[in-house]
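Descriptive structure summary
Listed below, chain by chain, are the residues.
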Amino acid sequence: MRVRRLRKETAHLEVTAFINLIVVLVPFLLSTAVFTKLAVMDLSLPAPAAGVMQLQVDKLQLEVVIRPDALDVGDRVGGLILHIPNTADGAYDFKALNAEMLVIKQRFPDEKAASVLAQANTPYETLVQAMDAMRATPTPDPAHPGRSVSTELFPALAIGDAPVKSAGAAAPAAATAQKGK
(Lines give C-alpha, C1' and ligand atoms only; values in the text may rest on other atoms or scores of the structure.)
Protein backbone atom coordinates (compact mmCIF):
# COMPACT_ATOMS: atom_id res chain seq x y z
CA MET A 1 0.00 0.00 0.00
CA ARG A 2 1.21 3.41 -0.90
CA VAL A 3 1.54 6.08 1.76
CA ARG A 4 0.70 9.49 0.62
CA ARG A 5 2.58 12.36 2.18
CA LEU A 6 1.38 15.89 2.28
CA ARG A 7 3.74 18.53 1.18
CA LYS A 8 4.30 21.07 3.89
CA GLU A 9 5.14 24.55 2.88
CA THR A 10 7.45 26.54 5.07
CA ALA A 11 5.68 29.30 6.94
CA HIS A 12 6.77 32.84 6.16
CA LEU A 13 6.73 35.41 8.87
CA GLU A 14 4.82 38.49 7.77
CA VAL A 15 6.69 41.46 9.25
CA THR A 16 5.41 44.24 7.03
CA ALA A 17 2.94 45.51 9.63
CA PHE A 18 5.62 45.44 12.33
CA ILE A 19 8.09 47.40 10.18
CA ASN A 20 5.39 49.99 9.43
CA LEU A 21 4.78 50.35 13.16
CA ILE A 22 8.49 50.83 13.88
CA VAL A 23 8.84 53.38 11.07
CA VAL A 24 6.10 55.46 12.67
CA LEU A 25 7.06 54.99 16.34
CA VAL A 26 10.81 55.66 16.18
CA PRO A 27 10.56 59.24 14.82
CA PHE A 28 7.66 59.96 17.17
CA LEU A 29 9.58 58.77 20.24
CA LEU A 30 12.74 60.61 19.21
CA SER A 31 10.86 63.87 18.64
CA THR A 32 9.08 63.68 22.02
CA ALA A 33 12.06 62.57 24.07
CA VAL A 34 13.20 65.01 26.72
CA PHE A 35 16.90 65.63 26.60
CA THR A 36 18.11 66.82 29.97
CA LYS A 37 21.12 68.97 30.55
CA LEU A 38 23.13 67.87 33.53
CA ALA A 39 24.84 70.53 35.59
CA VAL A 40 28.41 69.57 36.39
CA MET A 41 30.23 71.28 39.21
CA ASP A 42 33.96 70.83 39.71
CA LEU A 43 34.75 69.89 43.29
CA SER A 44 38.07 69.16 44.84
CA LEU A 45 38.70 66.94 47.81
CA PRO A 46 41.04 68.07 50.57
CA ALA A 47 44.60 66.84 50.18
CA PRO A 48 45.56 63.84 52.32
CA ALA A 49 48.05 65.96 54.29
CA ALA A 50 45.69 68.93 54.69
CA GLY A 51 45.66 68.62 58.48
CA VAL A 52 49.46 68.64 58.69
CA MET A 53 50.16 71.48 56.27
CA GLN A 54 51.44 74.82 57.51
CA LEU A 55 48.63 77.29 58.14
CA GLN A 56 49.02 80.79 56.83
CA VAL A 57 47.78 83.34 59.30
CA ASP A 58 47.08 86.09 56.76
CA LYS A 59 45.07 83.88 54.39
CA LEU A 60 41.45 82.89 54.88
CA GLN A 61 40.75 79.16 54.97
CA LEU A 62 36.97 79.25 55.06
CA GLU A 63 35.07 76.21 56.30
CA VAL A 64 31.35 75.62 56.76
CA VAL A 65 30.52 72.68 59.00
CA ILE A 66 27.03 71.22 58.62
CA ARG A 67 25.86 69.95 62.01
CA PRO A 68 22.43 68.45 62.77
CA ASP A 69 21.42 71.53 64.79
CA ALA A 70 23.33 74.37 63.10
CA LEU A 71 25.74 75.63 60.46
CA ASP A 72 29.17 76.64 61.76
CA VAL A 73 31.11 79.14 59.65
CA GLY A 74 34.77 79.27 60.56
CA ASP A 75 38.34 79.87 59.55
CA ARG A 76 40.75 77.00 59.96
CA VAL A 77 43.27 79.38 61.56
CA GLY A 78 41.00 81.91 63.28
CA GLY A 79 38.36 79.54 64.59
CA LEU A 80 34.59 79.95 64.64
CA ILE A 81 33.30 83.05 62.86
CA LEU A 82 29.55 82.51 63.15
CA HIS A 83 27.23 79.85 64.58
CA ILE A 84 23.94 79.79 62.62
CA PRO A 85 21.35 77.74 64.55
CA ASN A 86 18.48 76.03 62.75
CA THR A 87 15.24 77.94 62.35
CA ALA A 88 12.25 77.33 64.63
CA ASP A 89 10.93 74.61 62.31
CA GLY A 90 14.29 72.79 62.40
CA ALA A 91 15.45 73.77 58.90
CA TYR A 92 18.90 75.14 58.13
CA ASP A 93 19.09 78.92 57.65
CA PHE A 94 20.76 79.09 54.25
CA LYS A 95 19.79 82.76 53.79
CA ALA A 96 21.85 83.69 56.86
CA LEU A 97 24.70 81.55 55.54
CA ASN A 98 24.52 83.33 52.18
CA ALA A 99 24.50 86.74 53.89
CA GLU A 100 27.55 85.79 55.99
CA MET A 101 29.36 84.56 52.85
CA LEU A 102 28.74 87.97 51.27
CA VAL A 103 30.20 89.75 54.33
CA ILE A 104 33.27 87.48 54.31
CA LYS A 105 33.71 87.96 50.55
CA GLN A 106 33.72 91.74 51.04
CA ARG A 107 36.57 91.35 53.57
CA PHE A 108 38.50 88.90 51.37
CA PRO A 109 37.60 89.81 47.74
CA ASP A 110 40.40 87.75 46.15
CA GLU A 111 39.59 84.51 47.97
CA LYS A 112 37.69 81.90 45.94
CA ALA A 113 38.21 78.67 47.89
CA ALA A 114 36.11 77.27 50.72
CA SER A 115 35.38 73.89 52.27
CA VAL A 116 32.05 72.31 53.12
CA LEU A 117 32.36 69.74 55.89
CA ALA A 118 29.40 67.45 56.47
CA GLN A 119 28.66 64.49 58.67
CA ALA A 120 28.07 61.09 57.09
CA ASN A 121 24.30 61.20 57.59
CA THR A 122 23.83 64.68 56.05
CA PRO A 123 21.16 64.60 53.32
CA TYR A 124 22.36 65.30 49.79
CA GLU A 125 19.90 68.19 49.34
CA THR A 126 21.27 69.91 52.44
CA LEU A 127 24.82 69.62 51.11
CA VAL A 128 23.79 71.06 47.72
CA GLN A 129 21.86 73.93 49.32
CA ALA A 130 24.86 74.81 51.47
CA MET A 131 27.17 74.77 48.44
CA ASP A 132 24.72 76.94 46.48
CA ALA A 133 24.59 79.46 49.35
CA MET A 134 28.39 79.60 49.37
CA ARG A 135 28.97 79.83 45.60
CA ALA A 136 26.87 82.85 44.62
CA THR A 137 24.33 85.37 45.85
CA PRO A 138 21.73 87.50 44.07
CA THR A 139 22.54 91.23 44.21
CA PRO A 140 20.66 94.19 42.72
CA ASP A 141 21.70 95.12 39.18
CA PRO A 142 22.69 98.82 39.12
CA ALA A 143 22.11 99.01 35.35
CA HIS A 144 18.56 97.64 35.57
CA PRO A 145 16.63 98.60 38.72
CA GLY A 146 14.34 95.84 39.92
CA ARG A 147 16.53 93.07 38.50
CA SER A 148 19.17 91.08 40.24
CA VAL A 149 22.38 89.47 39.06
CA SER A 150 24.30 86.57 40.49
CA THR A 151 27.48 87.64 42.29
CA GLU A 152 30.21 85.05 42.68
CA LEU A 153 31.29 84.35 46.26
CA PHE A 154 33.36 81.19 46.74
CA PRO A 155 33.12 79.05 43.57
CA ALA A 156 36.07 76.72 44.32
CA LEU A 157 34.47 74.39 46.85
CA ALA A 158 36.01 71.36 48.49
CA ILE A 159 33.96 68.83 50.39
CA GLY A 160 35.00 66.70 53.31
CA ASP A 161 34.00 65.05 56.56
CA ALA A 162 32.97 67.23 59.46
CA PRO A 163 35.12 67.02 62.56
CA VAL A 164 33.50 65.07 65.35
CA LYS A 165 32.14 67.34 68.03
CA SER A 166 33.30 65.84 71.31
CA ALA A 167 31.31 66.04 74.54
CA GLY A 168 34.19 67.96 76.15
CA ALA A 169 34.07 70.62 73.45
CA ALA A 170 30.31 70.97 73.74
CA ALA A 171 30.41 71.66 77.48
CA PRO A 172 32.57 74.85 77.29
CA ALA A 173 30.46 76.12 74.42
CA ALA A 174 27.29 75.61 76.46
CA ALA A 175 28.91 77.34 79.46
CA THR A 176 29.95 80.28 77.28
CA ALA A 177 26.41 80.55 75.89
CA GLN A 178 25.04 80.59 79.45
CA LYS A 179 27.47 83.37 80.47
CA GLY A 180 26.27 85.57 77.63
CA LYS A 181 22.63 85.36 78.81
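Residue numbers run consecutively from 1 along every chain, following the written order of its sequence. Given that this is a predicted model, residues contribute local features only at a pLDDT of at least 70 and side-chain atom pairs are listed and counted only at 80 or more, while totals for whole chains, interfaces and linings are drawn from all residues. Excluding hydrogens and water, the side-chain figures rest on all heavy atoms present in the structure.

Attention now goes to the side chain of Thr122. Per the convention used, a helix needs a DSSP run of H or I reaching at least four residues, while a strand needs a run of E reaching at least two, with both numbered from the N terminus. Mapped onto the elements of the fold, Thr122 is located in the loop between β4 (113-118) and α3 (124-135). Any pair of nitrogen or oxygen atoms within 3.5 Å is treated as a polar contact; in protein, a donor-acceptor pairing is required on top of that, and neighbouring residues in sequence qualify only through side-chain atoms on both sides. Within polar-contact distance, the side chain of Thr122 engages the backbone oxygen of Gln119 at 2.9 Å. Two residues form a contact once any of their heavy atoms are found within 4.5 Å. Apart from the residues within four sequence positions on either side, Thr122 is in contact with Ile66 and Leu127.

Another point: the pairing of strand β2 (residues 70-75). When accessible area is computed with a 1.4 Å probe and restricted to protein chains, residues below 20% of their type maximum are described as buried, those above 50% as exposed, and intermediate ones as partly exposed. Across the six residues that make up β2, a large majority, six, are buried. The alternating pattern of β2 places Ala70, Asp72 and Gly74 on one face and Leu71, Val73 and Asp75 on the opposite face, and all of these are buried. Strand pairing is defined by DSSP finding a minimum of two bridges between the two strands. Taken together, the five bridges between strand β1 (residues 62-66) and β2 define a ladder with antiparallel strand orientation. Pairing of Val65 across the sheet is with Asp72, part of β2. In textbook terms, the turn of a hairpin is the stretch between consecutive antiparallel strands, and for β1 and β2 this stretch comprises three residues. Summarising the sheet, β2 and strand β3 (residues 79-85) pair through six bridges and their orientation is antiparallel. Bridging from a neighbouring strand, Asp75 pairs with Gly79 of β3.

Turning to the packing of helix α2 (residues 94-107) against α3, a few remarks are in order. Note on method: axes are straight lines fitted to C-alpha atoms, helices fitted across the in-contact stretch only, with angles between N-to-C directions ranging 0 to 180 degrees. Running from N to C, α2 and α3 cross one another at 30°; their axes reach a closest spacing of 8 Å. By the criterion of interaxial angle, the relationship of α2 to α3 is roughly parallel. Two packed elements cross with a definite hand, and for α2 against α3 that hand is right-handed. From α2, Phe94, Leu97, Asn98 and Met101 reach across to α3, where they touch Thr126, Gln129, Ala130, Ala133 and Met134. Throughout this description, any angle smaller than 35 degrees is read as roughly parallel, any larger than 145 degrees as roughly antiparallel, any in the 65 to 115 degree range as roughly perpendicular, and the remainder as oblique. We call a crossing left-handed when the near helix sits turned anticlockwise from the far one by less than a right angle, and right-handed when that turn is clockwise.

Turning to the pattern of salt bridges, a few remarks are in order. Only one rule defines a salt bridge in this text: a Lys or Arg side-chain nitrogen within 4 Å of an Asp or Glu carboxyl oxygen. By the definition in use, this model includes four salt bridges. Of the charged contacts, one joins Glu63 and Arg76 as a salt bridge, the two residues approaching to 2.9 Å between their closest N and O atoms. In this pair, Glu63 is assigned in strand β1 and Arg76 in the loop between β2 and β3, connecting sequence segments 13 residues apart. Arg76 gets classed as partly exposed once you look at its relative accessible area, which sits at 31%. Between Glu152 and Lys112 there is a salt bridge; the shortest N-O distance is 2.9 Å. Within this pair, whereas Glu152 is found in strand β6 (residues 148-152), its partner Lys112 is found in the loop between α2 and β4, the two being separated by 40 residues in sequence. According to the relative accessible area criterion, Glu152 is partly exposed, its value standing at 43%.

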